[in-house]
Amino acid sequence: MVAEPEAVVRLTRLQADLVVDRAALEARAAETAELMGRWDTDGRLGRPELVLLAVNLHGWYTALETALERVARLLDQSVPEGGSWHIDLLAQMKLDVPGVRPAVLPEMAMQALHELRKFRHFFRNAYVLDLDPVLVHQRSSDLVRVSLPVADGLAGLQNHIASTLTALIGTA
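All values derive from a computational prediction rather than experimental measurement.

Caption draft 1: Local environment of the nonpolar core. Core analysis: the largest hydrophobic core is formed by 47 residues, its most contacted members being Trp 60, Leu 64, Leu 105, Leu 113 and Val 150. Counting residues per element, the ones that place at least two in this core are helix H1 (5-42), helix H2 (47-76), helix H3 (85-93), helix H4 (110-125) and helix H5 (133-170). The leading source of residues in this core is H2, at 14 residues. Excluding its chain neighbours within four sequence positions, the residues that come into contact with Val 150 are Trp 60, Leu 64, Leu 105, Ala 109 and Leu 113.

Caption draft 2: Focus on the pattern of salt bridges. Following the criterion strictly, the structure yields 13 salt bridges and no others. The closest approach of N and O atoms between Arg 28 and Glu 31, which form a salt bridge, is 3.3 Å. Here Glu 31 and Arg 28 lie together in helix H1, a separation of three residues that amounts to about one turn. Residue Glu 31 is classed as partly exposed on the basis of its relative accessible area of 28%. Between Arg 145 and Asp 142 there is a salt bridge, with the nearest N and O atoms lying 3.0 Å from each other. Here Arg 145 and its partner Asp 142 are both found in helix H5, three residues apart, which amounts to about one turn of the helix.

Caption draft 3: The arrangement of the packing of H2 against H5 in detail. Orientation of H2 relative to H5, taken along the N-to-C sense of each, is 30 degrees, at an axis distance of 10 Å. What the angle tells us is that H2 and H5 run roughly parallel. By crossing handedness, the relation of H2 to H5 is classed as left-handed. Contacts between H2 and H5 involve Leu 50, Leu 53, Asn 56, Leu 57, Trp 60, Leu 64, Val 71 and Leu 75 on the former and, on the latter, Pro 133, Val 136, Arg 139, Ser 140, Leu 143, Val 146, Ser 147, Val 150, Leu 154, Leu 157 and Ile 161. Within the contact of H2 with H5, the residues separate by chemical class into 15 nonpolar, three polar and one charged.

Caption draft 4: Expanded view of the environment of Ala 67. Tracing the backbone through its elements, the reader meets Ala 67 in helix H2. On the accessibility criterion, Ala 67 (0% relative accessible area) is buried. For Ala 67 and Val 20, which are 47 residues apart along the polypeptide, the C-alpha to C-alpha distance reads 9.2 Å.

Caption draft 5: Summary view of the side chain of Arg 139. Along the polypeptide, Arg 139 turns up in helix H5. Those residues in contact with Arg 139, other than ones at most four positions away along the chain, are Leu 57, Glu 115, Leu 116 and Phe 119.

Caption draft 6: Structural context of unusual backbone geometry. The residue Gln 77 is not glycine, and still its phi comes out positive at about 55 degrees. Looking at the secondary structure, you find Gln 77 in the loop between H2 and H3. Residue Gln 77 is classed as exposed on the basis of its relative accessible area, which comes to 55%.

Caption draft 7: Layout of the confidence of the model for the chain. In this model, the chain carries an average pLDDT of 92, and 95% of its residues clear a pLDDT of 70 or more. Mean pLDDT values for the elements of the chain range from 92 in H1 up to 98 in H3.

Basis of the calculations
- Residues numbered from 1 in each chain as written.
- Predicted model: local features only at pLDDT ≥ 70, side-chain atom pairs only at ≥ 80, totals over all residues.
- Heavy atoms only, no water.
- Core = buried A, V, L, I, M, F, W, Y, C linked by side-chain atoms within 4.5 Å.
- Buried < 20%, exposed > 50% of the residue type's maximum accessible area, 1.4 Å probe, protein only.
- Helix = DSSP H or I, 4+ residues; strand = E, 2+ residues; numbered from the N terminus.
- Contact = heavy atoms within 4.5 Å.
- Salt bridge = Lys/Arg side-chain N within 4 Å of Asp/Glu carboxyl O.
- Axes fitted to C-alpha atoms, helices over the stretch in contact; angles between N-to-C directions.
- Parallel < 35°, antiparallel > 145°, perpendicular 65-115°, else oblique.
- Left-handed = near helix turned anticlockwise from the far one by under 90°.
- Nonpolar A, V, L, I, M, F, W, Y, C, P; charged D, E, K, R; others polar.
- pLDDT = per-residue confidence, 0-100.

Set out below in structure tokens:
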């Protein structure tokens, strides 16, 4: 069997893009965890830190969604469309697709991811940024709680891609 060059290029590109996406996710999660540690120690944060947490929540979820879109486009070859595409993308990525890819998102993270998605929508569309400290704390706690399982899911996908590339290139 001869490897299709298009498949090798597509998988190599996805693998490289996921490295960048994971680095962005890890940076936003680390900064959020550090700020949450200060919040838990001090009992509250000032407005600049609250805004920084909100920016991190937005950035983390956007990096995740970008990575998931890449997977849907380059592996599944099917990106959800329509008004609920953000929700449908999460549902698509929690599925194991035999012969294509493992599940990327763990079921245990889905509720928190939906809440983070809603917060990102609020943040992106707010004309006046009145941040509710309780909500920012809840969403930041969600991010800290699910960042490792999500990172593990992406790492599992990268391992799958690496194995697939090895098999494809080994047959050339």
